[in-house]
Every structure is written in C-alpha cells, then in structure tokens.
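One letter stands for each residue in the lines below.
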Amino acid sequence: MPPRASLKQRRAKKAERQRNYRQRQKEARRPSRNDIATTTFHMIVQETARVGNWSTFNKMLDLVTARLVERGFDKVATEKAIDDLVEKYENGWEFQRKPDFKDDSEA
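A short tour of the structure in this document, coming up. These numbers were taken from a predicted model, which means no experiment stands behind them.

### Things to note about the packing of aromatic side chains
Within this structure, the stated rule accounts for three aromatic pairs. Pairing Phe-41 with Tyr-89 gives two aromatic rings, centres 6.0 Å apart and planes at 50 degrees, and the pair type is tilted. Pair noted here: Phe-41 is in helix H2 (residues 33-51) and Tyr-89 is in helix H4 (residues 75-90), with a separation of 48 residues, a long-range link. By relative accessible area, Tyr-89 is classed as buried at 5%. With 5.2 Å between their ring centres and 90 degrees between their planes, Trp-54 and Phe-57 make a pair best called edge-to-face. Here Phe-57 and Trp-54 lie together in helix H3 (residues 54-70), a separation of three residues that amounts to about one turn. Using a relative accessible area of 3% as the deciding quantity, one classes Phe-57 as buried.

Have a look at this one:
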C-alpha cells in the first residue's frame with residue numbers, strides 16, 4: 001500500500017478538483033444554488049410589490065428569519081439584512097449578473 005499523501009498534497013489535489021468542477025459548471029452555464037436563490041428572491045420581491053400582497057410575504061420572511069436564527073445568525077442583523085435587500089429591490093436595484101456571462105442579446 002502506498003504511503004498516504006501529506007496534508008499539503010491532499011489539499012492541493014482537492015483545490016485542483018474544485019477548480020475543475022467550477023470550470024465545468026461555468027462552461028455548462030449551470031446556475032449555482034446561490035444564483036437560483038438570488039433570482040427567486042428578487043422575483044418574489046418584485047411580484048409582491050406589483051400585487052401588494054405584503055402580508056403573505058412578511059409571514060414568509062418571518063419563517064426565513066427564524067430558520068436563519070436557528071442556523072446561528074443574529075435575529076436583528078438578519079431582519080436588517082432582509083429589509084435592506086427588499087428595499088433595494090423595491091427601488092429598482094438589480095442584482096449583479098455574473099460578468100463572465102454575456103446577455104443573449106450580446107451574443
């Protein structure tokens with residue numbers, strides 16, 4: 001049985017695998033869970049603002065806040081972060097698209 005690689009070698013190999021994985025995801029233009037979550041939240045805020053159903057939206061955000069607090073985040077800081085993000089979206093702020101992707105119109 002060959003000797004086990006050193007911690008430094010194992011970390012380097014793991015980093016290389018991760019770089020390769022990210023490159024394959026980029027080439028496939030496969031969205032990450034963060035891309036999906038960000039887009040979903042943005043669309044929910046826009047639709048809620050359009051129809052004015054803030055009661056349901058706020059109930060959902062209370063559940064999100066509770067889940068984040070369960071995961072160890074500070075409640076007040078969580079509520080502030082969510083409120084700030086919602087306010088930005090309400091005011092027409094668009095999240096930043098990935099700079100390495102061109103719009104279909106640019107292709």
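### Some points on the pattern of salt bridges
A complete count under the given rule lists five salt bridges for this structure. For Lys-75, the salt bridge identified is with Glu-79, shortest N-O distance 3.9 Å. Here Glu-79 and Lys-75 lie together in helix H4, a separation of four residues that amounts to about one turn. For Lys-75, a relative accessible area of 49% translates into the label partly exposed.

The rules we used
Residues numbered from 1 in each chain as written. Predicted model: local features only at pLDDT ≥ 70, side-chain atom pairs only at ≥ 80, totals over all residues. Heavy atoms only, no water. Phe/Tyr/Trp six-rings, centres within 6.5 Å; stacked < 30°, edge-to-face > 60°. Helix = DSSP H or I, 4+ residues; strand = E, 2+ residues; numbered from the N terminus. Buried < 20%, exposed > 50% of the residue type's maximum accessible area, 1.4 Å probe, protein only. Salt bridge = Lys/Arg side-chain N within 4 Å of Asp/Glu carboxyl O.

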